[in-house]
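Working through the structure, step by step
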Amino acid sequence: RAAWTESSRTDSGGYYMGAGMGVLCPIVIGRIQNNELVVVHREVVPLSLFEQRKRELQVKYRVFASVLDANPYTDLILRIQTYDKTMYGAIFSQSKSIEVYKVKEQDEETNVQRVRQVDISKDKALDQLADLFKTRAVRIHKDADDEQFITQMLDMKRGQVFDRSGDLVHKWVKSTKGNDHYHHALLYLLIACRLKASLTPAHAYVPLVGSFRPR
């Protein structure tokens, strides 16, 4: 609740997008500004309207890059990527070699159709997002679904479990209700904000300028 702000903080600069994919798709738009994760817009749309609404929001907020769930609607992700070269499908990876995330571009030298993706170390990335809240480095524009947002942000709990190697590790586990969709969308937004260094001029709609400051 300490992250709420009445100001939308929108301006003529560009933003980033994170979205979960399901029957209902949560969309979160924002950027990193003055070392804070600033969320200026969020909404939930039906899957049938997602592609159209994504286009509209992308134009309205001048979205530089977006990260969406690569599963389970992989065909939709692939179709969007045919015209949106700054959209990445998110895959949670179990690889211990990934620090937080790793970008995998499509292989243009083969005919194999593969999602342009970003592999994410789920627990490490969620830890970083939680740290931003703990240090009061998140600002979220208040909206009509504040209580729904809070419920979904508090669904997952962080605890200690033994991994396959028998090591005691910290993991984020969702509740039996599994109502954590906004939490994942916000995580994807954070990753999208940090993709700036991975984007080449050929991938960008507009120059990556403004008040973005990488962490």
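The structure we're discussing is the one just above.
Now for a quick tour of the structure. Quick caveat, the model's predicted, so the values are computed rather than measured.

Helix and strand content of the chain: five helices and eleven strands. Looking at the 215 residues of the chain, the share that counts as buried comes to 49%. A separation of at least 24 residues holds for 65% of the contacts in the chain among residues at least 6 apart in sequence.

Attention now goes to the sheet that holds strand β4 (residues 36-46). As summarised here, the arrangement of the nine strands in space is β1-β9-β4-β3-β2-β5-β6-β8-β7, forming an open sheet in which the pairing is mixed. The outermost strands of the open sheet, each flanked by one partner alone, are β1 (4-5) and β7 (101-104). With five bridges joining them, strand β2 (residues 15-19) and strand β5 (residues 63-69) adopt parallel strand pairing. Along β5, the bridge assignment pairs Ala19 with Leu68.

As a further point, take helix α5 (residues 181-193). Relative to the 18 Å expected for 13 residues at 1.5 Å per residue, α5 spans 19 Å between its end C-alpha atoms, a close match to the ideal helical length. Taking burial as the measure, the 13 residues of α5 include twelve buried ones, the bulk of the element. Among the residues making up α5, those that are buried are Tyr182, His183, His184, Ala185, Leu186, Leu187, Tyr188, Leu189, Leu190, Ile191, Ala192 and Cys193.

Under the 1.5 Å per step criterion, the end-to-end length of helix α3 (residues 122-134) is 18 Å for 13 residues, consistent within 8% with the ideal 18 Å. Buried within α3 we find Asp123, Ala125, Leu126, Leu129, Ala130 and Leu132. On its buried face, α3 sits against β4, β8 (117-120), β9 (138-141), β11 (168-173) and α5. Looking one or two residues beyond α3, the residue adopting positive phi is Arg136, at roughly 55°.

The next thing to look at is the packing of helix α1 (residues 47-60) against helix α2 (residues 74-81). α2 packs onto α1 with a crossing angle of 15° between their chain directions and a minimal axis gap of 12 Å. As summarised for this structure, α1 and α2 are arranged roughly parallel, according to the angle between their axes. When you trace α1 past α2, the crossing you get is right-handed. When α1 is examined against α2, the residues Leu47, Phe50, Glu51 and Lys54 are found in contact with a partner set consisting of Leu76, Arg79 and Ile80. Broken down by class, the residue content of the contact of α1 with α2 amounts to four nonpolar, no polar and three charged.

Glancing now at the pattern of salt bridges. Tallying each qualifying case throughout the model produces eleven salt bridges. Among the ionic pairs, Arg42 bridges to Asp146, the shortest N-O distance being 2.3 Å. With Arg42 in strand β4 and Asp146 in helix α4 (residues 146-153), this pair connects stretches of sequence that are 104 residues apart. Accessibility classification places Arg42 together with Asp146 in one group, the buried group.

Before going further, it helps to examine a nonpolar patch on the surface. The grouping of Val23, Leu24 and Val44 at the surface amounts to a nonpolar patch, some 280 Å² of accessible area in total. Note on placement: Val23 falls in the loop between β2 and β3 (24-33). Residue class for Val23 comes out exposed when judged on its relative accessible area of 66%.

The next subject is the side chain of Asp146. What makes Asp146 buried here is its relative accessible area of 10%. Apart from residues no more than four positions distant in its own chain, Asp146 is found in contact with Trp4 and Arg42.

Cut-offs used in this document
Along each chain, numbering runs from 1 in the same order as the chain's sequence is written. Local features are withheld for residues below a pLDDT of 70 in this predicted model, meaning they are given only at 70 or higher, and side-chain atom pairs are given and counted only at 80 or more; totals for whole chains, interfaces and linings count all residues. Hydrogen atoms and water are omitted, and side-chain values are computed over all heavy atoms in the structure. We count a stretch as a helix when DSSP gives it H or I for four or more residues in a row; a strand needs E for two or more, and each element gets its number in order from the N terminus. Three exposure classes are used, based on accessible area relative to the maximum for each residue type with a 1.4 Å probe and protein chains only: buried under 20%, partly exposed in between, and exposed over 50%. The criterion used for residue contact is that any of the two residues' heavy atoms lie within 4.5 Å. For two strands to be treated as a pair, DSSP must find no fewer than two bridges joining them. Expected helix span is computed as 1.5 Å times (number of residues minus one). Fitted lines through C-alpha atoms serve as axes, helices being fitted only where they are in contact, and the angles separating the N-to-C directions of these axes extend from 0 to 180 degrees. Any angle from 65 to 115 degrees is called roughly perpendicular, while one under 35 is roughly parallel, one over 145 is roughly antiparallel, and all others are oblique. Throughout, a crossing is termed right-handed when the near helix is turned clockwise from the far one, and left-handed when it is turned anticlockwise from it by less than a right angle. Put simply, Ala, Val, Leu, Ile, Met, Phe, Trp, Tyr, Cys and Pro go in the nonpolar bin, Asp, Glu, Lys and Arg in the charged bin, and everything else, Gly too, in the polar bin. By definition here, a salt bridge exists when the distance from a side-chain nitrogen of Lys or Arg to a carboxyl oxygen of Asp or Glu is within 4 Å. Patch building starts from residues that exceed 30% relative accessible area and form no salt bridge, then joins like charges within 9 Å and nonpolar side chains (Val, Leu, Ile, Met, Phe, Trp, Tyr) within 5 Å. Surface accessibility follows the Shrake-Rupley procedure with a 1.4 Å probe radius. Residue values consider only the protein chains on display as shielding.

By themselves these figures say nothing about function.
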